[in-house]
Amino acid sequence: MFDGYEFRRWLEGHPTGEVVGVSSVATACPLASFLSERIGEHVVVGPSTLLVGHSRYNLPWWAYRFVELVDHLDECAVDVTAGEALAILRQVEAEFDLSEEPSPASW
C-alpha cells in the first residue's frame, strides 16, 4: 500500500512548520493524513493497524514505530508539523539503520 520512502518524500514536500497531523488521533495522525491524501479515502491508523473502508491492514514495522513515537509526543493530542514528523521518521530510520533511499521491499 505504501512505503517509508514515499512517506518521507511527502513530508519533505511540506514546509517544516506546516501541521501535517495530530498526535493520538487515529484519523488525523501524519500517517493517516498522508494515506488519506494518497488514496483518496478515509483512513484510520491505530497503534498496529490501519483501516481503509472495511479492510484492516497490519502496519509495516517502521510505521508501527513511527506511530508509537508520534503518539508519545505529549499526553494530550498535539499538532505535529512536517519538521517534527520528519525528525521522528529519521529517528526510526536510524534505529533500524536504513539507508537514505531504501528499496520499498526493505521497508
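Whatever comes next refers back to the structure up there.
Residues numbered from 1 in each chain as written. Predicted model: local features only at pLDDT ≥ 70, side-chain atom pairs only at ≥ 80, totals over all residues. Heavy atoms only, no water.

1. Looking at the overall build of the protein chain
Formally: Put simply, DSSP marks the helices as runs of H or I at least four residues long and the strands as runs of E at least two long, and each gets a number from the N terminus on. Throughout, exposure labels follow a simple rule: accessible area from a 1.4 Å probe, protein chains only, divided by the maximum for the residue type, with under 20% read as buried, over 50% as exposed, and the rest as partly exposed. In this description, accessible areas are obtained by the Shrake-Rupley approach with a 1.4 Å probe, and a residue is regarded as covered only by the protein chains that are shown.
The helix and strand inventory of the protein chain stands at four helices and five strands. Scanning the protein chain from its N terminus toward the C terminus, one meets helices and strands in the order α-β-α-β-β-β-α-β-α. Across the 107 residues of the protein chain, 40% fall into the buried class. Surface exposure of the protein chain reaches about 5700 Å², of which carbon and sulfur atoms provide 51%.

2. Observations regarding helix α4 (residues 82–95)
Basically, it comes down to this: Multiplying one less than the number of residues by 1.5 Å gives the expected span of a helix. An arc is given here, and it is the one of the directions from the helix axis to the C-beta atoms. Here, residues are in contact when the closest pair of their heavy atoms is within 4.5 Å.
Its 14 residues give α4 an end-to-end C-alpha distance of 20 Å, which sits within 8% of 20 Å, the value for a rise of 1.5 Å per residue. Of the positions making up α4, those classed as buried are Ala-82, Ala-85, Leu-86, Ile-88, Leu-89, Val-92 and Glu-93. The buried residues of α4 occupy an angular sector of 160° when projected down its axis, which confines them to one face. Looking at the buried side of α4, the elements it contacts are α1 (4–12), β1 (19–22), α2 (30–39), α3 (61–71) and β5 (79–81). Once α4 ends, the next one or two residues include Asp-97, with phi positive near 50°.

That's the geometry; what it means functionally is another story.
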